[in-house]
Amino acid sequence: MAHHRQHRREARTGTPYTEALDAFGERVRLITPGQWDSPTPCSDWSVRDLVNHLTGEQLWVPELLMGATIGEVGGRFDGDVLGDDPVGAWTGAAEAAREAWAVPGATELTVHLSYGDVSGQYYLDQLTTDLVIHAWDLAEGIGRLTRLPAGLVEFALGEISGYGDLSGSGLFDPPLPVPEDAGPQTRLLALTGRRDGG
């Protein structure tokens, strides 16, 4: 999710990054051998492509938190990062990222992203929101666990609501209309051009 906005920390207790990692990882471990090529709500991505994308995002975390720039990392995490053991690749990348964020002061660092410098907190919130949205995409792709944890949905909804129409970024379809009484997950998904089937 490479859409930039002015980041405002509002009154809430922490960012549920580890919970989002766990939610995505739980769904990765449910993928059966025949499902890696299955489609997902991300029209250009199969299940494997989706897991590859999120694994790559976590691989970037230790590098960026150590002050590396996009140019310095270069193409090291381009292409297929899953190899012959996709679940193992995801697990290793997720654990390395989790450990990097556990270092005291990580959220106060300046992180050099492709569109400019941001705070570690902004980067963490962005990663977490991406994990939540794509956990649903993966769940839809494999037909399992399509109801996301309520706390993750509420966090991501709070973040996404501040971005405006995300379709201009090229990463999402235009927002979808929802009934006034729609639940948080339905509203979250609609803001990213997804229709909640649950």
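This text gives an overview of the structure that appears in the document. (Residues numbered from 1 in each chain as written. Predicted model: local features only at pLDDT ≥ 70, side-chain atom pairs only at ≥ 80, totals over all residues. Heavy atoms only, no water.)

## Some points on helix α1 (residues 17–28)
The end-to-end C-alpha distance of α1 is 16 Å, a good match for the 16 Å that twelve residues give at a rise of 1.5 Å each. Burial in α1 covers these residues: Y17, A20, L21, A23, F24, G25, R27 and V28. Structurally, α1 contributes buried residues whose contacts are with α2 (47–65), α4 (86–102), α5 (120–142) and α6 (150–160). (Helix = DSSP H or I, 4+ residues; strand = E, 2+ residues; numbered from the N terminus. Expected span 1.5 Å × (residues − 1). Buried < 20%, exposed > 50% of the residue type's maximum accessible area, 1.4 Å probe, protein only. Contact = heavy atoms within 4.5 Å.)

## Section: the pairing of strand β1 (residues 110–113)
Strand residues, when the strand is regular, have side chains that alternate between the two faces of the sheet. With burial as the criterion, only one face of β1 is covered, namely that bearing V111 and L113; the residues T110 and H112 on the opposite face remain uncovered. Sheet topology note: the β1/strand β2 (residues 116–119) ladder contains four bridges and is antiparallel. Counterpart to L113 in the pairing with β2 is G116. The hairpin formed by β1 and β2 contains two residues between the paired strands. (Pairing = 2+ DSSP bridges.)

## Remarks on helix α7 (residues 184–191)
All buried positions along α7 are accounted for by Q185, L188, L189 and A190. Residues of α7 that are buried sit in contact with α5 and α6. Just beyond α7, the residue with positive phi is G193, at close to 80 degrees.

## Considerations on the side chain of S38
Here S38 is to be found in the loop between α1 and α2. Other than its neighbours up to four places away in sequence, S38 contacts S46, V47 and G141.

## Considerations on the side chain of H134
In this structure, H134 sits in helix α5. When sequence neighbours within four positions are dropped, the list of residues in contact with H134 reads F24, C42, W45, L50, H53, L54 and R194.

## Examining the packing of α6 against α7
Look at α6 against α7: their axes get within 9 Å of each other, and the N-to-C directions meet at 40 degrees. Taken together, the axes of α6 and α7 are oblique relative to one another. Like other packed secondary-structure pairs, α6 and α7 cross with a definite hand, here left-handed. Of the residues in α7, those in contact with V153, E154, A156, L157 and I160 of α6 are P184, Q185, R187, L188 and L191. Tallied by class, residues from the contact of α6 with α7 come to seven nonpolar, one polar and two charged. (Axes fitted to C-alpha atoms, helices over the stretch in contact; angles between N-to-C directions. Parallel < 35°, antiparallel > 145°, perpendicular 65-115°, else oblique. Left-handed = near helix turned anticlockwise from the far one by under 90°. Nonpolar A, V, L, I, M, F, W, Y, C, P; charged D, E, K, R; others polar.)

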